[in-house]
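Tertiary structure, described
Here is what each chain is made of, one letter per residue.
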Amino acid sequence: MNKPVSLEDVQIAAESWTAEQVLQWAFQTFGNDVAISSAFGVEGMVTIDIASRVSKNFSVFTVDTEFFFPETYSLIDQVEDRYGIKVERVYPLLSPEEQERLHGAALWGRNPDQCCEIRKVEPLRRKLSHLRAWISSIRRNQTENRASARKISWDAKFGLIKINPLADWTDQQVWNHIHQHKVPYNPLHDQSYPSIGCMHCTRAVKPGEDPRAGRWSGFTKTECGLHVINPAPAESAT
Ligand code: SF4
């Protein structure tokens, strides 16, 4: 009997794999129990495009906060058309109106952590409880918090394997892929929005500002609580 491959072994090997190889491993290892999570930023578009080249059968879901920009909703429609997939929308338990009734108007302007918990973290946790692995499009040079992200790791916060095929990609590589393969992307990226989230918490950045300065502007918050980097390995990969 073959010795089970430990996650640590796979983690080490995966650091020299291409994004295509990481996704191939993910689909072969987890089948229908792995899915791409995307909010359709430019990195998410690259991940989806590469996934379409290595598999005819891959799943994409989005945690739809119901506060996306119209451009983002339109991009989701384009993704479904171009790749012939149905993007699963995972919604918060509270509608925007119910949230306002329970927690007051514009919670994002008073307590964005609580708003993100309701509209992003809880729906993601609910969705991930049905999977064995999830795929995100974070890159190490996006934020300090993401700098130690591995391509494959154990996500202790949500209790499953997390796969980051673009962990070592640069911004330039992402845009090269977009242009080379004519991948659709959110037109807001061309209007000084390098990072796009909810309408209430995203603004255009000024020349010279950090690319993520437009997210939760005025707060020290830099993450929505979905990406907690924990490179510690779990027992086994399969
Ligand atoms: S990004 Fe803003 S609006 Fe969206 S869930 Fe978080 S706090 Fe709420």
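Throughout, a residue's number is its position along its own chain's written sequence, starting from 1. pLDDT decides what is reported in this predicted model: residues at 70 or higher carry local features, side-chain atom pairs at 80 or more are listed and counted, and totals for whole chains, interfaces and linings draw on all residues regardless. To obtain the side-chain values, all non-hydrogen atoms of the structure were included, while hydrogens and water were left out.

Structural notes on the overall build of the protein
Elements are defined by DSSP. Helices are runs of H or I of four residues or more, strands are runs of E of two residues or more, and each kind is numbered from the N terminus. Scanning the protein for helices and strands turns up eight helices and six strands. When its helices and strands are written in sequence order, the protein yields α-α-β-α-β-α-β-α-α-α-β-β-β-α. Radius of gyration here is computed from C-alpha atoms only, and the compact-globule reference equals 2.2 Å multiplied by the residue count raised to the power 0.38. For the protein, the C-alpha radius of gyration of 18 Å lies close to 18 Å, the compact-globule estimate for 238 residues. Here the C-alpha coordinates of the protein stretch approximately 60 × 40 × 35 Å along the principal axes. Each of the 238 residues in the protein was classed as buried or not, and the buried ones make up 51%. Put simply, 71% of the contacts in the protein that link residues at least 6 apart link residues at least 24 apart. Counting only carbon and sulfur atoms, one obtains 51% of the accessible surface of the protein, whose full area is about 11500 Å². Counted as positive: Lys and Arg. Counted as negative: Asp and Glu. His and the chain ends are not counted at all. Here the site of a charge means atom NZ of a Lys, CZ of an Arg, CG of an Asp or CD of a Glu. The centroid of the 27 positive side-chain charges in the protein is displaced by 1 Å from the centroid of its 29 negative side-chain charges. For the exposure calls, accessible area comes from a 1.4 Å probe over protein chains only, and a residue counts as buried if that area is under 20% of its type's maximum, exposed if over 50%, partly exposed in between. We call two residues in contact when some of their heavy atoms are within 4.5 Å. Each accessible area is a Shrake-Rupley estimate made with a 1.4 Å probe; only the visible protein chains count as cover when residues are assessed.

Description of the sheet that holds strand 3 (residues 88-90)
Adjacent strands of a sheet pair through backbone hydrogen bonds, lying either parallel or antiparallel. Spatially, six strands are ordered 3-2-1-4-6-5 in an open sheet, and the strand pairing comes out mixed. Of all strands in the sheet, those with a lone pairing partner are strand 3 and strand 5 (152-155), marking the two edges. In this sheet, neighbouring strand axes are inclined to one another by 35 degrees on average, regardless of whether the strands run parallel or antiparallel. Pairing between two strands is assigned when DSSP locates at least 2 bridges connecting them. Sheet topology places strand 2 (residues 60-63) next to strand 3; three bridges connect them, and they run parallel. Residue Thr62 lies in a different strand from strand 3, and its bridge partner there is Arg89. Angular values range over 0 to 180 degrees, each being the angle between N-to-C directions of two axes fitted as lines to C-alpha atoms, with helices fitted over their stretch in contact. Its contacts with the sheet place helix 2 (residues 19-30) against strand 1 (34-37), strand 4 (133-135), strand 5 and strand 6 (160-163), and it is angled at close to 155 degrees to strand 6.

Things to note about the confidence of the model for the protein
For every residue, the pLDDT score states the predictor's confidence, bounded by 0 at the bottom and 100 at the top. Of all residues in the protein, 92% have pLDDT values of 70 or greater, and the mean over the chain is 92. Within the model, the stretch residues 232-238 combines pLDDT values under 50 with 21 contacts to residues more than four positions away or in other chains.

Some details on the packing of helix 2 against helix 3 (residues 42-54)
Direction vectors running N to C along helix 2 and helix 3 enclose 65 degrees, while the axes themselves pass 9 Å from each other. Judged by the sense of rotation from one axis to the other, the crossing of helix 2 with helix 3 is right-handed. Touching Ala19, Glu20, Leu23, Gln24 and Phe27 of helix 2 are Thr47, Ile50, Ala51 and Val54, all from helix 3. Split by residue class, the contact of helix 2 with helix 3 holds six nonpolar, two polar and one charged. Whether a crossing is left-handed or right-handed is set by the direction in which the near helix is turned from the far one by less than a right angle, anticlockwise for left-handed and clockwise for right-handed. By the convention adopted, Pro, Cys, Tyr, Trp, Phe, Met, Ile, Leu, Val and Ala count as nonpolar, Lys, Arg, Asp and Glu as charged, and the other residues, Gly among them, as polar.

Side note on helix 2
Here the expected span of a helix is defined as 1.5 Å times the quantity of residues minus one. The end-to-end C-alpha distance of helix 2, which contains twelve residues, comes to 16 Å, matching closely the 16 Å that a straight helix rising 1.5 Å per residue would cover. All of the buried residues along helix 2 are Ala19, Val22, Leu23, Trp25, Ala26, Phe27, Thr29 and Phe30. Contacts from the buried residues of helix 2 go to helix 1 (7-14), strand 1, helix 3, strand 4, strand 5 and strand 6. Residue Gly31 follows helix 2 closely and has a positive phi angle near 55 degrees.

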